[in-house]
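Working through the structure, step by step
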Amino acid sequence: MSASMKALSRSRASLLAGSMFATTALAGLGGIVGAIVLMPGAVLAQTCTPAPAQGAPPAVQAIGAASQFCVGNYTTGIGYGEDLPGGNLSVTLDGPGLVGGGGVLLDETLRGSAANLTLVLGNATNIGQNIVTTQGSNAVTITSTGGNVVVTTGNNIPGEIITGNLAGIDATTSGNGTVNVSTIANVTGRAGAGITTQTGNGTNTVTVGGNVIGTNGGVFAESTGAGAVVINLGNVTTGTGNATVVTPFSVTANGGDAVLAITDGVVGNTSAIVNVTDPGNVTLTSGSGASAITAVSNGNGAGSRASVIMTGAAGGFISAEDPGGSLAGISVFVDGNGTATVVTNTGRHISVGTKGGSGDDGILAFSNDQTGTQSASITLGDSTTIAVGNATSSNNIGAHASNVFIASIGKLGLTSVTGGNNTTITLAGVGNLAGALATNSMGNATVAFGSGTTVTIGNATDSDSAGLVARGGNATVTLGNGSSITINGNTGLAGIDAGSTSGIASVTVGNTVANTTGIVVNGNATTGVNAGVVAVANGGNATVTVGSTAITVTGGAGIFALGSTGVNVTTADALTANNVGIQTSSSNGNTSVTVAGGTVKAGSATLAAIDVTNQAAGTTATITIAAAGTVENTSALPTGLAIDSGNTTGLAGVGNIVSIVTSPLAGIDGSVVVNDSGHLIGDVNFSRLVGNGTAGNISNTTINVTGNGVWLTSGTSKFGNGALGAGNATVASDTVTTGGPGGNG
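This write-up is about the structure you can find in this document. Values in this document were obtained by computation on a predicted structure and should not be read as measured data.

1. As for the pairing of strand 53 (residues 582-586)
Burial analysis of strand 53 places 5 of its 5 residues in the buried class, which makes it a mostly covered element. Direction of pairing for strand 50 (residues 556-563) relative to strand 53: parallel, over a ladder of 5 bridges. By the bridge assignment, Ile559 is partnered in strand 53 with Ile582. Of the pairings in the sheet, the one linking strand 53 to strand 56 (residues 610-614) comprises 5 bridges and is parallel in character. The residue of strand 56 that forms the bridge with Ile582 is Ile610.

So this is what it looks like as structure tokens:
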């Protein structure tokens, strides 16, 4: 799969278009304003104490530094304006009761006075009043120009209802002022975000322990300057012992990111962090180009960070749906320099685009770091489940990490996707799908999954798709024991694909366990160009090591490995393919193929079970069949072609995986050695090996049948055609030895 398999379809503009920047400039409020909540009958309006009494938003009562306490019901809302520069105003809602009208409004009567404004919801024994606006306003609006803004709960008792006809809570300051919103209430924005906060150079922190519902976004925290942005999502625990009650957090939104932390400042180190400390739920019900959870940093400092970190107990659901597509369950962007990081907790479920749409990611981590030193990484906790797409979608990825390299810098960043044990990734769709993809222009790209991993991709019409893909300067893919990858489709399919641009390509697959299927690629048997494992090293060695995990391919090769400086392939279990079973090509180094166990059963009337090609003089391809190994053509007959050499010209692009080009070559240099202590069934064809006879360019062919090894052949095998030449006194040799009791069958 090429590094450009899928462009980043969600630009910052599309991610944030119409998100939460203008919650107060919304039209069409007639029906919303009419959705009022009536006060209980026969209630008496109260006044906050001490004097002066509150204003009725949008009007505010001017007041100096004060601590106001508001008890009971407020039919027209509560409004105060701090009139002292740098003054401290605190308002506590001592419920129960109901605040209507324009909700709660705290601001400054003298703009630029940097007042510190605090709203406390409830006290040690009571939750605060419900706040439900009957006007076209936010439920809570707090605005300072440089002071600190705080919204906090006075207890650990969930239950307040905060509902605004625009946003639920809107807290804003500027300059070096900070915002700290911490609530366990049920917050709803009927025509805006549930919670929206903004700072300049000060820290912006939002902590949610209740339920948040938003229209045009859920929880939105932004700094316009250098201020760090932190969103904390966690559950609320009340009581002790058998009376303990855990109330999960929940954020639901449409029209924009359900949770968004963003720093707009472009100078220096900036950070946008979302911490999820418990297994609550985040749901995006609509919003093409949006994510359930997003973190964005724009700072140009290498220390900038955009992170989503999930910890705590197992479980929790992340969901994003919109038929317009270009969605993500979780996305982190470093649009300047720095590191993009996603970590999920154990048992997290992520579901994206199952109702339609294309161009979706379960998780996306992208770094535009131009220092060449920072990373884009995704780490999945054990038993994470990711499901993306439906039967008609395309261009979807389960977990996608991407890092940009600037050639003039000469340094390497890192891109990685790491899966824990028992990870499950399912992608439905018709093309350009990947379970996990790590891409990097020149830096290292690593994909590593633990034991018990299950990846299932595509349907019968799928094409250009792969299970685990790494593309980078050095590309490494590792798959743990007892894992299964199943790719369904037509052509351009690969179970695992590692491709390097300037270094090594390495694939390691563990051992099988009961009730696992290994790597299965179900392509078109006639026209498919597919592979179980692809390793292409443009600049180094290509290495494929497969333990006792079976590989089954329809319409392609079992393993294809191409290396600039050499190729090493080892298998230890059944490998079945209707094309070549193991196909290698080395430009400038030796090749080693070891069948340590199991049966390599592949090929056709014209294709071999194993095909090795060394394209440089003085190099050797060594094929070792261990005592527990068998190599045979699909025909299983002595006349079948078991081993061939010089039948691979290289690669060509087909879709988003490399195509294996198989056509006879003439005048191939190098030598071949076959060491058979197992079972070799069929003929060999080394007739294309023709060293030119000069010193160091002699093509020798050798078959050693050792121990209890067996070679069952029709006797029509073809060996090399070494030539005489200057400095070469003898023609190259062709040798068959049988030194063990198995002998030459």
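2. A word on the packing of aromatic side chains
Aromatic rings in a pair are described by how distant their centres are and how their planes are angled relative to each other. Per the stated rule, a full pass over the model turns up 2 aromatic pairs. Measuring from centroid to centroid gives 6.3 Å for Phe686 and Phe719, while their planes differ by 75°, and the two rings are edge-to-face. Of the two residues, Phe686 is situated in the loop between strand 64 (683-685) and strand 65 (701-705) and Phe719 in the loop between strand 66 (710-712) and strand 67 (734-738); the sequence distance between them amounts to 33 residues.

3. Considering the pairing of strand 55 (residues 598-602)
Direction of pairing for strand 52 (residues 575-577) relative to strand 55: parallel, over a ladder of 3 bridges. Bridged to Thr576 within strand 55 is Lys601. As paired strands, strand 55 and strand 58 (residues 629-633) are joined by 5 bridges and run parallel to one another. The residue bridging Gly598 from the neighbouring strand is Gly629, located in strand 58.

4. Details of the nonpolar core
Counting 139 residues, the largest nonpolar core has Leu119, Leu233, Val274, Val282, Leu468, Ile496 and Ile610 as the members making the most contacts within it. Ile397, Ala434, Leu437 and Val534 belong to the second largest nonpolar core, which has 11 residues in total.

5. Some words on the side chain of Ser717
Relative to the helices and strands, Ser717 resides in the loop between strand 66 and strand 67. Since its relative accessible area comes to 18%, Ser717 is described here as buried. Setting aside residues up to four positions removed in sequence, Ser717 forms contacts with Asp683, Val684 and Trp711.

6. Structural notes on the environment of Thr341
Tracing the backbone through its elements, the reader meets Thr341 in strand 30 (residues 339-343). Taking the C-alpha atoms as reference, Thr341 lies 6.3 Å from Ala365; in sequence the two are 24 residues apart. Beyond its immediate stretch of four places on either side in the chain, Thr341 contacts Ala306, Ser307, Val308, Ile309, Val332 and Ser377.

7. Here's the deal with the environment of Thr143
Looking at the secondary structure, you find Thr143 in strand 9 (residues 140-143). When the C-alpha atoms of Thr143 and Glu108 are compared, they prove to be 7.3 Å apart, with 35 residues separating the residues in sequence.

Rules of the game
Residues numbered from 1 in each chain as written. Predicted model: local features only at pLDDT ≥ 70, side-chain atom pairs only at ≥ 80, totals over all residues. Heavy atoms only, no water. Buried < 20%, exposed > 50% of the residue type's maximum accessible area, 1.4 Å probe, protein only. Helix = DSSP H or I, 4+ residues; strand = E, 2+ residues; numbered from the N terminus. Pairing = 2+ DSSP bridges. Phe/Tyr/Trp six-rings, centres within 6.5 Å; stacked < 30°, edge-to-face > 60°. Core = buried A, V, L, I, M, F, W, Y, C linked by side-chain atoms within 4.5 Å. Contact = heavy atoms within 4.5 Å.

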